[in-house]
Amino acid sequence: MNIVINTNYKGFGALFFTQEIGPRLTKAGHSVTYNDWGHYGKYNLALFMATDSDVKKAKKINPVIFTGIIDPKLTRKRQVNESKLADFLAVTSLEQKDIFLQYNQNIFILYLVPEIKEAPKVHTDKDKILIGYHGNKLHLNCMNNLRRALDALSQKYAIEFWAMYNVKNLGKWKKNVPKKCPIKHIQWSPQNYYKYLSKTDIGVVPAKIPLALTRGRLTTKLFSSYIKNWPGYFKYDYLMRFKYSTNPERAYVFGQLHIPVVADFMPSYCQIIQNGYSGCLVYSKEGWYYALEKLIRSAELRNKMSKNLKDFINKNCSPDINFKNFLEFINSLQKERI
């Protein structure tokens, strides 16, 4: 196939396009061109990032071109319309797939994970335990239960929290910062996965976003007598909020670095992590506290869980396996269209 990959986006998704998807397509025997806007008559397949997708124009110029949008978004009406027009969407998770089924039924889950080389690590008993995070600053701002657990654990154990995020562009993390647990702020970069993150002992993946608690409590108070009559209503039922683009890629990086993971129990993480075997899935402050405490106290458990996570990823969702399935998905759709 003659393939064009078009995007002017400067974030991680663009790096994934140029450093992961493009080279793999070339290695598979396809001709790949980058950022050739408006010349769609020369290509069989056009791939776009959602931020600047050009599906409508591509199909106007070349009605038979096959088009796909990587990591589609719902921020603008134009993005929704482009998602409807595309021949397929490549989403990052089960959560994102479910949202986009109303716009397009041809959807593939393509994990946007960097090619992290495996960094062998043997966990040993040590005086200070480093707990690592990498990802968006938003999740740091929202990690209420994890923050409380870290502060409580720091009163009993020698721990330090290493947070790797885009300090340069987003500013230093100040909201919901632990008050008692020591913090190290690290600029995100691919190199720093190895320089800093690989030195941590436990990885954490907070993913919940707080609800408007004041409004929720007021509504509950005003309508308490009515709510109690709802079928199956119980006071301690879970009420959760998380991004529609929630995905398991942060756990993948820890897996490659042989670091055990504790994560909020989002659908995606329940697919990757088998609780108590290849990591821990939690929700409450107590859940975070006791899962982290078990790993803090046992180097043997850290070795066991990190190995089990790495083995699961290798067998089920490694970049090689994921890309192979992605190509099969595209070929299958093209055959159906003929």
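Residues numbered from 1 in each chain as written. Predicted model: local features only at pLDDT ≥ 70, side-chain atom pairs only at ≥ 80, totals over all residues. Heavy atoms only, no water.

### Some details on the side chain of Asp 201
Residue placement: Asp 201 occurs in the loop between helix H8 (190-195) and strand S10 (202-205). Residue Asp 201 is classed as buried on the basis of its relative accessible area, which comes to 3%. In terms of polar contacts, Asp 201 uses its side chain to reach the side chain of Lys 126, at 3.1 Å. From its side chain, Asp 201 meets the backbone nitrogen of Leu 130 in a polar contact 2.7 Å long. (Helix = DSSP H or I, 4+ residues; strand = E, 2+ residues; numbered from the N terminus. Buried < 20%, exposed > 50% of the residue type's maximum accessible area, 1.4 Å probe, protein only. Polar contact = N/O pair within 3.5 Å; in protein donor to acceptor, adjacent residues only side chain to side chain.)

### Some thoughts on the sheet that holds strand S8 (residues 159-165)
With respect to topology, six strands assemble into an open sheet ordered S9-S8-S7-S10-S11-S12, the strand pairing being parallel. For this open sheet the edge positions go to strand S9 (183-187) and strand S12 (280-282), each flanked by a neighbour on one side alone. Averaged over neighbouring strand pairs, the angle between their axes works out to 25 degrees when direction is ignored. Across six bridges, strand S7 (residues 129-134) lies against S8 in parallel orientation. Paired with Leu 130 across the two strands is Glu 160, which belongs to S8. Helix H6 (residues 144-154) contacts S7, S8 and S10 of the sheet and is inclined by roughly 150 degrees relative to S8. (Pairing = 2+ DSSP bridges. Axes fitted to C-alpha atoms, helices over the stretch in contact; angles between N-to-C directions. Contact = heavy atoms within 4.5 Å.)

### What to know about the state of the cysteines
Enumeration according to the criterion identifies zero disulfides in this entry. Just so you know, Cys 142 is unpaired, no disulfide at all, and the nearest cysteine sulfur is the one on Cys 181, 18 Å from it. You can call Cys 142 buried: its relative accessible area is 13%. Cys 270 provides the cysteine sulfur closest to Cys 317, a residue in no disulfide bond, and the two sulfurs are 14 Å apart. Residue classification places Cys 317 among the buried positions, given a relative accessible area of 11%. (Disulfide = S-S within 2.5 Å.)

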